Amino acid sequence: MNENSQIDHHMTPIEKLLLENKAWASEVKADDPGYFERLSHLQTPQFLWIGCSDSRVPADKITGTQPGEIFVHRNIANMVVHTDVNLLSVLDYAVNHLKVQHVIVCGHYGCGGVKAAMTKTDYQHVLNMWLRNIKDVYRINAAELDAIEDEERRTDRLTELNVKEQVNHLAETSIIQRAWKKEQRPQLHGWVYGLKDGIIKPVFEMNAKSHIDPIYQYDGL
Ligand code: CO
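Summarised in this report is the structure supplied together with it. Small disclaimer: the values here were computed from a predicted structure and weren't measured.

Angles at a metal have ideal values that depend on geometry: 109.5 degrees with four tetrahedral donors, 90 or 180 degrees with six octahedral donors. Coordination of the cobalt ion by the protein involves Cys52 (SG), His108 (NE2) and Cys111 (SG), with metal-donor separations of 2.0 to 2.3 Å. Counting gaps between the donor residues of the cobalt ion yields the pattern C-x55-H-x2-C. On the criterion of sequence distance, the pair formed by Cys52 in strand β1 (residues 47-52) and His108 in strand β3 (residues 102-108) is long-range, its members being 56 residues apart.

Here is the structure:
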């Protein structure tokens with residue numbers, strides 16, 4: 001790249017990202033000279049965010065938080081899958097090392113993953129496998145969902161029920177049960193973000209006193 005003489009339409013999208021990054025870094029530094037030095041030494045986030053990969057739902061922007069405040073995991077449709085080593089590693093690290101006080105599962109209305117799971121479309125191999133987890137949530141709640149005639153309302157409701165189910169999945173892990181037993185934290189929150197108005201709606205909550213189905217309870221934690 002030709003230094004600063006480069007103008008927009010000669011730049012590739014990737015070059016633009018890197019240039020914007022430089023601009024951001026010098027702006028932050030001008031504002032607070034010790035910023036990067038300070039953050040490079042530690043992070044003490046209070047929150048773990050499990051959100052959708054959707055580019056329109058950036059955890060920090062919509063909650064007005066800064067780097068260092070939220071530990072983030074994102075995947076298609078904000079799922080907590082008990083065989084997902086990635087999610088479980090993030091959860092383990094956040095709960096046992098960062099000692100977060102809150103775990104938030106945040107879905108969003110208009111979620112492409114939720115919509116896709118409601119169709120009979122064959123998305124092939126890996127995507128079918130992932131969406132299958134959302135289809136299971138539909139089946140568990142079929143009586144309520146089938147009774148909703150309007151398709152958008154049915155999708156919205158599945159989005160809420162999905163978030164609730166994923167919070168339950170968190171409570172079903174030994175990671176959360178052990179932390180609840182020993183330290184009465186973290187609190188679990190199920191939220192749904194509205195793409196149309198930018199507002200987060202809390203739909204479900206669990207804490208150390210919440211009931212867990214006995215089949216998922218662990219002894220001797
Ligand atoms: Co989504």
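That was the structure; now back to the text.
A few words on helix α4 (residues 85-97). Look at α4: 17 Å from first C-alpha to last across 13 residues, which is about the 18 Å you get at 1.5 Å a residue. What α4 keeps buried is the set Leu87, Val90, Leu91, Ala94 and Val95. For α4, the arc enclosing every buried residue in end-on projection is 115 degrees, short of the 170-degree limit, so these residues lie on one face. Away from its buried face by more than 90 degrees, α4 exposes Val85 and His97. The secondary structure elements touched by the buried residues of α4 are β1, β2 (70-75), β3, α8 (151-171) and α9 (174-183). Among the residues trailing α4, Lys99 stands out with phi positive, at a value near 60 degrees.

Reading the values: rules and limits
- Residues numbered from 1 in each chain as written.
- Predicted model: local features only at pLDDT ≥ 70, side-chain atom pairs only at ≥ 80, totals over all residues.
- Heavy atoms only, no water.
- Donors = N, O, S within 2.8 Å, 3.2 Å for Na, K, Ca; no water.
- Helix = DSSP H or I, 4+ residues; strand = E, 2+ residues; numbered from the N terminus.
- Expected span 1.5 Å × (residues − 1).
- Buried < 20%, exposed > 50% of the residue type's maximum accessible area, 1.4 Å probe, protein only.
- Arc of directions from axis to C-beta.
- Contact = heavy atoms within 4.5 Å.

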